[in-house]
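Coordinate analysis (summary)
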Amino acid sequence: MHVLILGGTTEARQLAELLHSASDGGLKLTSSLAGRVASPRLPPGEVRVGGFGGADGMAAWLREHEVDVLIDATHPFAGTISFHAARAAAATHVPLLALRRPGWVPGAGDRWHEVGSLAEAAELLPTLGSRVFLTTGRMGLAAFAHPAADDLWFLVRSVDAPEPPHPPRMEVLLDRGPFTLDGERELLRRHRVDVVVTKDSGGAATAPKLTAAREAGLPVVVVRRPPVPEGVPVAADPTEALRWLQERLDQGGAA
Ligand SMILES: NC(=O)c1ccc[n+]([C@@H]2O[C@H](COP(=O)([O-])OP(=O)(O)OC[C@H]3O[C@@H](n4cnc5c(N)ncnc54)[C@H](OP(=O)(O)O)[C@@H]3O)[C@@H](O)[C@H]2O)c1
């Protein structure tokens, strides 16, 4: 049986580790990475890097490599690849599961402003503060090179260094989660941050910034997630994904 995991997330790596140890070598496991991060943490099993060439390219890859099950464990904001996975799975009749960590939920004391896109976040920012902690990743920085954001100062945290276009006034902090609450408190204090911007990525690794912002009474602009493609079953964590896979095997094979 050949399982292809579309990865690039902690959960994808954890699922590969779970499958690798649970299968006792009786499973062919391939993880696919987009190739955006210079030195990614690699999962066990085979790893392929780079795009497939759209949904048709992915369908061809599934056929050529005789994939039995496809698991889309990409980041909740990687909407294009998830849409391609749904189309490729439908075209090849390969069962597809989406592994998506649940989104964050605001609690008492949170001052969240939910928006539909990074562009909307950039437009809202000047009404909320002037020293911004931007944690939406280096790929979407162009949205903040917007004239409405010219008077703002940004602390940009990303895994790899961002490339232009980016906001004119910014400091870059190269780092990768998990982050601690003490660390996030200190960061907000040291840089005199007065507004935080995040995607609703969910998960514990990057959630402490939300607690630190709540404690400091800071507004947080939260970018909503794109939807999971219609009809695709969703597992909330790697264990649930493993159970789904086990159920398919118990029912007599994947396809
Ligand atoms: N977006 C985020 O905030 C975010 C955060 C953390 C990690 N990531 C990870 O970074 C990767 C890229 O994210 P994105 O937002 O740029 O994705 P995207 O916009 O959904 O995908 C753009 C294109 O990149 C290629 N691609 C994406 N993920 C791939 C994968 N796992 N394996 C092979 N090709 C892939 C596909 O190219 P083709 O059409 O040529 O197949 C896809 O059409 C994803 O794997 C995601 O899990 C994203």
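Fair warning: this is a prediction, and the values are worked out from it, not measured in the lab.

1. Quick word on the environment of A60
By the secondary structure assignment, A60 is in helix α2 (residues 54-64). Taking the C-alpha atoms as reference, A60 lies 50 Å from E215; in sequence the two are 155 residues apart.

2. Quick word on the sheet that holds strand β7 (residues 131-134)
Taking strand neighbours across the sheet as the criterion, the six strands line up as β6-β11-β10-β7-β8-β9 in an open arrangement whose pairing is parallel. Either end of the sheet is taken by a strand with one partner, and the two such strands are β6 (111-115) and β9 (170-174). Recorded for the sheet is a direction-independent mean angle of 20° between the axes of neighbouring strands. Pairing analysis gives four bridges linking strand β10 (residues 195-199) to strand β11 (residues 219-223), with the strands arranged parallel.

3. What about the layout of surface pockets?
Space inside the second largest pocket adds up to approximately 150 Å³. Lining of the second largest pocket is provided by M1, L19, A22, S23, G26, L27, L242, L245, Q246 and L249. Residue assignment for the lining of the second largest pocket shows that the elements contributing at least two residues are α1 (10-23) and α7 (238-250). Taken together, the residues that form the lining of the second largest pocket break down as seven nonpolar, three polar and no charged.

4. A short note on the site of the ligand
Within the structure, the ligand sits among 22 residues, and G7, S32, F52, H75 and K199 are positioned closest to it. Within the contact set of the ligand, an oxygen atom lies 2.7 Å away from a backbone nitrogen or oxygen of F52. One nitrogen or oxygen atom from the side chain of K199 is found 2.7 Å from an oxygen atom belonging to the ligand. Here the ligand loses 76% of its free accessible area of 810 Å² to cover by the protein chains. For the shell around the ligand, the elements supplying multiple residues, two or more each, are β2 (28-33) and α3 (79-92). The element best represented in the shell around the ligand is α3, accounting for four residues. Considering only residue class, the shell around the ligand consists of six nonpolar, 13 polar and three charged.

5. A few points about the packing of aromatic side chains
Enumeration over the complete set of coordinates arrives at two aromatic pairs. Centroid distance F52 to W61: 5.9 Å. Interplanar angle 80°. Geometry classified as edge-to-face. W61 matches F52 in its accessibility class, with the two residues each being buried. Sitting over the face of the ring of F52, R48 holds its NZ or CZ atom 3.9 Å from the ring centroid. Taking NZ or CZ as reference, R131 lies 4.1 Å from the ring centre of W153, over its face.

6. So, empty space enclosed by the protein
In the structure shown here, the tally under the stated rule is one cavity of 30 Å³ or more. By volume, the largest cavity is sized at about 40 Å³. In terms of lining residues, the largest cavity is bounded by T9, E11, A73, T74, H75, P76, L99, R100 and R101.

7. Notes on the domain arrangement of the protein chain
When cut into domains, the protein chain gives domain 1 (2-102 + 226-251) and domain 2 (111-223). For domain 1 versus domain 2, the distance between C-alpha centres works out to 29 Å. Taken together, the contacts link eleven residues of domain 1 with twelve residues of domain 2. When domain 1 packs against domain 2, close to 850 Å² is buried across both sides, 49% of that on carbon and sulfur atoms. Of all residues in domain 1, R36, R41 and F77 bury the most surface against domain 2, accounting for 53% of the area lost on that side. Across the domain 1-domain 2 interface, the total number found is zero salt bridges. The tally of links between domain 1 and domain 2 comes to six residue pairs in polar contact (both at pLDDT 80 or more).

Conventions adopted
- Residues numbered from 1 in each chain as written.
- Predicted model: local features only at pLDDT ≥ 70, side-chain atom pairs only at ≥ 80, totals over all residues.
- Heavy atoms only, no water.
- Helix = DSSP H or I, 4+ residues; strand = E, 2+ residues; numbered from the N terminus.
- Pairing = 2+ DSSP bridges.
- Axes fitted to C-alpha atoms, helices over the stretch in contact; angles between N-to-C directions.
- 1 Å grid on protein atoms, 1.4 Å probe; cavity = no way out; pocket = protein on both sides within 12 Å on 5 of 7 lines; lining within 4 Å.
- Points joined across faces, edges and corners; volume = space filled by probe spheres on them.
- Nonpolar A, V, L, I, M, F, W, Y, C, P; charged D, E, K, R; others polar.
- Near = heavy atom within 4 Å.
- Polar contact = N/O pair within 3.5 Å; in protein donor to acceptor, adjacent residues only side chain to side chain.
- Areas by Shrake-Rupley, 256 points an atom, 1.4 Å probe, with all protein chains shown as cover.
- Phe/Tyr/Trp six-rings, centres within 6.5 Å; stacked < 30°, edge-to-face > 60°.
- Buried < 20%, exposed > 50% of the residue type's maximum accessible area, 1.4 Å probe, protein only.
- Lys NZ or Arg CZ within 6 Å of the ring centre and 35° of its normal.
- Domains from an automatic or database assignment.
- Contact = heavy atoms within 4.5 Å.
- Buried area = accessible area lost by both parts, 1.4 Å probe.
- Salt bridge = Lys/Arg side-chain N within 4 Å of Asp/Glu carboxyl O.

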